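Here's the letter readout for the chains.
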Amino acid sequence: MTPDFTKVHNRFKLNNHHYNFNDLMEVAYSFVKEGEPFERALGNFLLDWLDNKDYLNVQTSGSTGTPKKLKIKKQHMVNSAIMTGDFFKLEPGDNLLSCLPSNFIAGKMMIIRAVILGLELELIRPSAFPLIDYQRKYDFCAMTPMQLKNFLKYSDNLKTIIVGGSKVPKSLIKDLQEVKANVYETFGMTETITHIAVKKLNNFKEEDVSTSYFKVLPDIKINQDKRGCLIIDAPKLSDDTIVTNDVVTLHGQNEFEWLGRYDNVINSGGIKLHPEAIESKLRKKIQEQFFIASEEDDTLGSRLILVIESDTNTLGTSIFDDLGKYEVPKKIYTLKKFIETKSGKIHRKKTLALLNTKSN
């Protein structure tokens, strides 16, 4: 039986042109030799996808640790594409928009969804302000929260948007309530070949019981370990059970609420605090980039701190009014520029190291 990853759907289009397997190989070589940087990344990925190996080496983003390369089976990527297509009811000939870089798994999977499902893919230069053909309508698109925020006034061009890569701010969710497109926040990682769960952010129906829980896709089972971290059993996506560092609360067999990263949990005087939960409360009050972290304290062991990307601290104490007693940072630090990962996320550990250097 011919593996699915060696096939190119006969309805597949890339930037308005049909390509079969051999044609796509030529296009890949052309992108590598003559394309812009984002096209060269696409060309290199296509060459890897079209070779005779049954796996790919994929790099993680590095947002929660040192970037590393993972070996992922191509058939698992095909399975992921089919699961997404089934969940969002994508049909051959549907228009797909990709404005994500092909260096990382999210951008790679937009391409594979088009190749496997027979979608018409328009791939544009990755940018914080995606520039599209505003006369064209798209059935499906994936964006980062920043891209989505900058794209809101053009969102009528899109039917379904998935957003991921970082937490979606509450202020953006509020703005989404006026948007016609159906928007979903995703939960996933490189190891799970993008999303294994989604959460609807707007256009709710009566059957949408909860607006704060992620719902897993079919054929995926979830559980928790002793730390309260999510365990993912997805045999179509991984040969191994995936034990994450994501602290969650389970709601039934198919839904969960994300609380934060276990490796970010701060124990302050015996009280366990989740930085991401505190950041969520502050996000609508602080315009600059920021994050919650901790530093050593003789009394508490660790004390909360707030780190802001700014030259000076101009925040008033009222921004902490919505925080619990133990959630209020004991000190505020400023840094002119945060260190970011290649995918644009704040690299907390390196930024904190920069802060320590500044303090010394």
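Looking at this model, I keep getting lost on a positive patch on the surface. Mind explaining?
Among the surface-exposed residues, K167, K170, K174 and K284 lie close enough to one another that they form a single positively charged patch. Structurally, K174 is set in helix α6 (residues 170-176).

Would you explain the pairing of strand β7 (residues 138-143) in this entry?
On a regular strand, one side chain projects to one face of the sheet and the next to the other, so that they alternate. Of all six residues in β7, five are buried, a share of seventy percent or more. Examined bridge by bridge, strand β5 (residues 95-98) and β7 share three bridges and lie parallel to one another. The partner of L97 across the bridge, within β7, is C141. Bridge analysis of β7 against strand β8 (residues 158-163) gives five bridges, and the strand direction is parallel. Bridging across to β8, C141 finds its partner in I161. For the handedness criterion, the β-α-β arrangement of β7, helix α5 (residues 145-151) and β8 is classed as right-handed.

Hey, could you run me through the sheet that holds strand β18 (residues 290-297) in this one?
Within a beta sheet, neighbouring strands are joined by backbone hydrogen bonds and run either parallel or antiparallel to one another. Taken in spatial order, the three strands line up as β18-β19-β20 in an open sheet, and their pairing is mixed. Looking at strand neighbours, the two that pair on one side only are β18 and β20 (331-335), the edges of this open sheet. Strand-to-strand twist in this sheet, taken as the mean axis angle between neighbours without regard to direction, amounts to 35°. Here eight bridges tie β18 to strand β19 (residues 301-309), and the two strands are oriented antiparallel to one another. When the sheet's bridge partners are listed, D297 is paired in β19 with G301. Each of β18 and β19 touches helix α7 (residues 275-282); the most contacted strand, β18, lies at about 135° to it.

For this particular structure, what's the right way to read the pattern of salt bridges?
Side chains bearing opposite charge may pair, as long as their charged atoms lie close to each other. Going through the model one piece at a time under the given rule, you end up with 16 salt bridges. As a salt-bridge pair, R348 and E279 come within 2.8 Å of each other at their nearest N and O atoms. Linking R348 in helix α8 (residues 348-359) with E279 in helix α7, this pair joins segments that are 69 residues apart in sequence. Linking K285 and D322 is a salt bridge whose minimum nitrogen-to-oxygen distance equals 3.1 Å. Highlighted residues: K285 in the loop between α7 and β18 and D322 in the loop between β19 and β20, separated in sequence by 37 residues.

The rules behind the values
- Residues numbered from 1 in each chain as written.
- Predicted model: local features only at pLDDT ≥ 70, side-chain atom pairs only at ≥ 80, totals over all residues.
- Heavy atoms only, no water.
- Patch = residues over 30% accessible without salt bridge, like charges linked within 9 Å, V, L, I, M, F, W, Y side chains within 5 Å.
- Areas by Shrake-Rupley, 256 points an atom, 1.4 Å probe, with all protein chains shown as cover.
- Salt bridge = Lys/Arg side-chain N within 4 Å of Asp/Glu carboxyl O.
- Lys, Arg positive; Asp, Glu negative; His and termini not counted.
- Charge placed at Lys NZ, Arg CZ, Asp CG, Glu CD.
- Helix = DSSP H or I, 4+ residues; strand = E, 2+ residues; numbered from the N terminus.
- Buried < 20%, exposed > 50% of the residue type's maximum accessible area, 1.4 Å probe, protein only.
- Pairing = 2+ DSSP bridges.
- Right-handed = clockwise from strand over helix to strand, strands pointing away.
- Axes fitted to C-alpha atoms, helices over the stretch in contact; angles between N-to-C directions.
- Contact = heavy atoms within 4.5 Å.

Scope: geometric values only; no functional claims are made or implied.
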